[in-house]
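Listed below, chain by chain, are the residues.
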Amino acid sequence: MSKLYKIAVLPGDGIGKEIVPEAIKVLKRIGELYDLEFAFEEAPIGGAAIDSVGKALPESTLALCQKSDAVLLGAVGGPKWDFLPAPERPEAAALLPLRKGLGLFANLRPVSVFPALVGASTLKPDVITGVDLIVFRELTGGLYFGEKSRRPLDSGEEAIDTLVYTTPEIERIARLAFEAARKRRKKVTSVDKANVLESSRLWRETVTRLATEYPDVELEHMYVDNCAMQLIRYPKQFDVIVTENMFGDILTDEAAMLTGSIGMLASASLGGQVALYEPSHGSAPDIAGQKKANPLATILSAAMMLRYSFNREAEAQAIEKAVVAVLDEGYRTPDLMEQGMKAVNTEEMGNLVTQKLR
Ligand code: NAD
C-alpha cells in the first residue's frame, strides 16, 4: 500500500490563491506516477483569515499544521490589511507565530540559475551561468524577535530594537549548514558583522568551533557588506551560506535576482517536526487576480517538500527536471518574458510542468 502524506495547504492572500493550486496539481501527478498518496487539507491564514474568522493565524489552522506531515503556504498580506497596527498585520500576526508554533528556526533558499533563464537576469550571463548556492537563514532570533521599545525624548523619540543570539541558536543552524555542505560542494560561508557586532562575534566563535566537527568541509567567514558585493561580483564562489535572521532576509532577496525573478525562488523552513514550504516572494498585490503570477517558486517548494520532509529525492528531481524542460522549450510567465519566448499564464505554466513529469 502506498504511504499517505498529510499536507496542510494555506493559500493565504493575493497570488497565493493562484500559485498554490498549481503546486498541488504537480504533487497529485507525482502521486500517480510514483504511487504516493497525498491528503490535502486547506485552512485560512493571513488577511483571508482576518476577514473570515477575525484572526491572522486561527488556532484551528495552527492545529492542522501541527498534525500534518508538511505545510504548503502561498503568501500573506496586502494593501487591504495595511491599515492595521503592525503587530496585527498578516505578516506579523500569521507568519511569525506559525514559525514559532512549528519550531522552525532554519529557512533554506536554494538559488540555482536555470540555463534557459540566463538572459532574464539583470546580471551578465558569464557571471551567473552555473550559479548553484543555498542560503541557510536563522529564522527565530536576532533583531526581528528581540525586545522592542520606544521612549519620549526632549526632542522626538528614541526607538530600540535588540539583537540577541545564544550559542545553542547559532549551533543548531550552523550544524544544518555543515550537514548540507557535506552533500554538496563541501564549502560553508558564514556571514556576519563581527567587526562591529557582539552577537556576530559570538556567531563567528561558535561556527568556528563547530567546524572542527566537519574537517571535510571548508569554512570561510565573510562580513555581510562584502557578501552583498560578492553575490553580484562572483556568485559562483558560494556553495552554502549560513547567516543570521536580518542579514539572511536581505541577502536572499539580493540572491533572488541572480535567477532573474523572485518568482523562481523556492524555500523551506525546517527545525521542528513539521516543515513549511513556501515561495520566497510575497502576495504580489500588483498582479493578483490577473493570472500573471509565476507558480514555479511554489512548485519548486513542493519539490523541496518531497526532498526534505518525505525523503523522496527521485520525485523532487522529477519536478525540477520538468521545470527545466518547460523553460528550455521557451515557455515564460510575464516576469520572465523575453523576446521570442512563448507567453503563458499561471495555470498554463502549472499544466505544462505537470505534463512534463515522468
Ligand atoms: P512581493 O514579493 O509580493 O512582490 C515584489 C514584486 O515581485 C512585485 O512587483 C510582484 O509583482 C513581483 N512578484 C512577486 N512574486 C511573483 C511571482 N510569483 N510572479 C511574478 N511576479 C512576482 O513583495 P512586496 O510587494 O514587498 O509585498 C507584497 C505583500 O506581500 C505585502 O503585504 C508584504 O508584506 C507581503 N509579503 C509576504 C510574504 C510572505 O507571505 N512570506 C513575504 C514577503 C512579502
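Residues numbered from 1 in each chain as written. Predicted model: local features only at pLDDT ≥ 70, side-chain atom pairs only at ≥ 80, totals over all residues. Heavy atoms only, no water.

A. Local environment of the packing of helix 8 (residues 224-233) against helix 9 (residues 245-256). Contact geometry for helix 8 and helix 9: axes closest at 10 Å, N-to-C directions at 10°. Looking at the two axes, helix 8 sits roughly parallel to helix 9. Within the contact between the two elements, helix 8 uses Val224, Cys227, Ala228, Leu231 and Ile232 and helix 9 uses Phe247, Leu251, Glu254 and Ala255. The residue makeup of the contact of helix 8 with helix 9, split by class, is eight nonpolar, no polar and one charged. (Axes fitted to C-alpha atoms, helices over the stretch in contact; angles between N-to-C directions. Helix = DSSP H or I, 4+ residues; strand = E, 2+ residues; numbered from the N terminus. Parallel < 35°, antiparallel > 145°, perpendicular 65-115°, else oblique. Contact = heavy atoms within 4.5 Å. Nonpolar A, V, L, I, M, F, W, Y, C, P; charged D, E, K, R; others polar.)

B. Representation of the domain arrangement of the protein. Split into domains, the protein comes out as domain 1 (1-110 + 261-358) and domain 2 (122-259). Between domain 1 and domain 2, the C-alpha centre-to-centre distance is 24 Å. Counting residues at the interface gives 15 residues for domain 1, matched by 16 residues for domain 2. For the pair domain 1 and domain 2, the two sides together bury roughly 1500 Å², of which 66% comes from carbon and sulfur. Contact with domain 2 buries surface across domain 1, with Phe105, Asn107 and Arg109 losing the most and accounting together for 42% of the total. Run the count over domain 1 and domain 2 and you get one salt bridge. For Asp253, the salt bridge identified is with Arg109, shortest N-O distance 4.0 Å. Those elements that place two or more of their residues in the side of domain 1 that touches domain 2 are helix 4 (90-102) and strand 4 (106-112). Element by element, the count of residues in the side of domain 1 that touches domain 2 is highest for strand 4, at five residues. A class-by-class count of the residues in the side of domain 1 that touches domain 2 yields 10 nonpolar, three polar and two charged. (Domains from an automatic or database assignment. Buried area = accessible area lost by both parts, 1.4 Å probe. Salt bridge = Lys/Arg side-chain N within 4 Å of Asp/Glu carboxyl O.)

C. Highlighting the pattern of salt bridges. One pass over the structure, following the stated rule, counts 24 salt bridges. Residues Arg29 and Glu32 are paired through a salt bridge, measuring 2.7 Å at the closest nitrogen-oxygen approach. With Arg29 and Glu32 both in helix 1 (residues 16-34) and three residues apart, the pair spans about one turn of that helix. For Arg29, a relative accessible area of 29% puts it in the partly exposed group. For the salt bridge of Asp249 with Arg137, the shortest nitrogen-to-oxygen distance reads 3.8 Å. Taken together, the residues span a long stretch of sequence, with Asp249 in helix 9 and Arg137 in strand 5 (residues 132-138) at a distance of 112 residues. Judged by its relative accessible area of 25%, Asp249 is partly exposed. (Buried < 20%, exposed > 50% of the residue type's maximum accessible area, 1.4 Å probe, protein only.)

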